[in-house]
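# Notes for the structure review
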Amino acid sequence: MRDACPYRAAGHHVSMTSLAKAAQHLIGRPILRAEPLHGGDLSEVIRLGLQGGEQVIAKSGPSPMTEAAMLNAIRATGAPAPRVIAVDDNALVLEALPERGGLSGEAWANLGRLVRTLHDATGDRFGWAEDYAFGSVAILNAPAEDWPIFWGERRMLAEVERLPADIGARLERLCSRLPDLLPPRPRACLLHGDLWTGNVLVGESGVWLIDPACYYGHGEVDLAMLNLFGSPTEAFWAEYGAPEPGWPERCAIYQLWPAIVHLRLFSAGYRGMVESRLGAVGA
């Protein structure tokens, strides 16, 4: 990570953003250095250097308390995720994890085992205790016992009024077919909810999941997201296990949700992604 920090220590004083100030209030320790980290499209993320040499990560976000609960739920399964140090309505302070680089070789196998561990944790219904958000796009998590209804109403059609009319009409037609295309009651696995390679940290001792948007749902949702901007290696599938028959069509359906989110947040450049997934399922 290059040192692009605009903050400089001067005794015990450092010019800080409101997030750094909120984090300092939470942990009750002087901050000597604050470094903005890459990313930040949907939230501010900074690395803080504390007196004594310790480093922590501070994040803003749609709901720091909800994200903390999600990280704790992931850690409770035995899957690695950052430890929550402190949290309130304004900031989330996490342990700083070592990072080596991108996914390759054995790291893919480690990720397969990690995701399998995550998905082995199950709930009674689909959804989550609270709604969440990707920026201005709401993530509706009201519990449901029927998976096609959950996926259609809470995901595919949640933003339909804010989409181009022709895309919305195609989504509505597809959702009328979901009972025939998706399993009615798959295992309600604990999902990361935004599982792409940018939300996987790779270190010398393994991999960690960061930036979750958790809820309980069909495990293939995470697999579809992991395949949206790349492809897991055979080492991943050897550890996770092969998808069930019919996976390619369900993958396209599950990739529609993140494609819709990207279209909403990052403009019409993602319209083709939405249209290609609709076309893949004949919608």
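Notes on the structure in this doc start here.

Analysis parameters
- In this convention, every chain numbers its residues from 1, walking through the sequence in written order.
- Where totals are concerned, whole chains, interfaces and linings use all residues; where local detail is concerned, this predicted model gives features only for residues with pLDDT of at least 70, and gives and counts side-chain atom pairs only at 80 or more.
- Think of the side-chain values as coming from all heavy atoms in the structure, minus any hydrogens and water.
- A run of DSSP states H or I qualifies as a helix once it reaches four residues; a run of E qualifies as a strand once it reaches two. Both are numbered from the N-terminal end.
- Pairing of N or O atoms within 3.5 Å defines a polar contact, subject to two protein rules: one partner must be a possible hydrogen donor and the other a possible acceptor, and residues neighboring in sequence count only if both atoms are side-chain atoms.
- Any two residues whose heavy atoms approach within 4.5 Å at even a single point are treated as in contact.
- For the exposure calls, accessible area comes from a 1.4 Å probe over protein chains only, and a residue counts as buried if that area is under 20% of its type's maximum, exposed if over 50%, partly exposed in between.
- For two strands to pair, DSSP has to find at least two bridges joining them.
- Axes here mean lines fitted to C-alpha atoms, for a helix over just the part in contact, with angles spanning 0 to 180 degrees between N-to-C directions.
- Think of a nonpolar core as a cluster: buried Ala, Val, Leu, Ile, Met, Phe, Trp, Tyr and Cys residues, connected wherever their side-chain atoms sit within 4.5 Å.
- When describing relative orientation, an angle under 35 degrees is termed roughly parallel and one over 145 degrees roughly antiparallel, while 65 to 115 degrees is termed roughly perpendicular and anything else oblique.
- What makes a crossing left-handed is the near helix being turned counterclockwise from the far one by less than a right angle; a clockwise turn instead makes it right-handed.
- Put simply, Ala, Val, Leu, Ile, Met, Phe, Trp, Tyr, Cys and Pro go in the nonpolar bin, Asp, Glu, Lys and Arg in the charged bin, and everything else, Gly too, in the polar bin.

Below, the discussion takes up the side chain of R47. Within the element layout of this structure, R47 appears in strand 2 (residues 45–50). One polar contact links R47 to Q55, side chain to side chain, over a distance of 3.3 Å. When neighbours within four sequence positions are excluded, R47 is seen to be in contact with R33, A34, E35, L37, Q55, V56, I57 and A96.

Take the side chain of N199 next. With respect to the secondary-structure elements, N199 resides in the loop between strand 8 (189–191) and strand 9 (200–203). We classify N199 as buried; its relative accessible area is 4%. The residues touching N199, leaving out its near neighbours within four places in the chain, are H192, D194, W208, L209, I210 and D211.

Hydrogen bonding along the main chain pairs the strands of a sheet, whether they run parallel or antiparallel. Judged by pairing direction, the sheet is antiparallel, and its 5 strands sit side by side in the order 1-2-3-5-4 without closing on themselves. The outermost strands of the open sheet, each flanked by one partner alone, are strand 1 (31–36) and strand 4 (84–87). Averaged over all pairs of adjacent strands, the angle between strand axes in this sheet comes to 25 degrees, irrespective of strand direction. Sheet topology places strand 4 next to strand 5 (residues 92–95); 3 bridges connect them, and they run antiparallel.

What follows covers the nonpolar core. Of all hydrophobic cores here, the largest spans 74 residues; its most connected members are L111, W147, W151 and I253. No other element matches the 11 residues that helix 8 (residues 247–266) contributes to this core. Sequence-distant contacts of W147, defined by excluding residues within four places in its chain, comprise F126, L182, P183, P184, P186, Y215, Y216, G217, H218, V221 and Y254. Grouped together as the second largest cluster of nonpolar side chains are 15 residues, L48, L50, A91 and V93 included.

The next point concerns unusual backbone geometry. Residue D211 is not a glycine yet carries a positive backbone phi of 50 degrees. Along the chain, D211 turns up in the loop between strand 10 (206–209) and strand 11 (215–217).

Right, let's talk about the packing of helix 5 (residues 165–181) against helix 9 (residues 271–280) for a bit. It is at 11 Å that the axes of helix 5 and helix 9 come closest, and there the two elements cross at 30 degrees. Judged by the inter-axis angle, helix 5 sits roughly parallel to helix 9. In this structure, the crossing between helix 5 and helix 9 has a hand that is left-handed. Within the contact between the two elements, helix 5 uses D166, I167, R170, L171 and L174 and helix 9 uses R271, V274, E275, L278 and G279. Tallied by class, residues from the contact of helix 5 with helix 9 come to 5 nonpolar, 1 polar and 4 charged.

These figures capture arrangement, not role.
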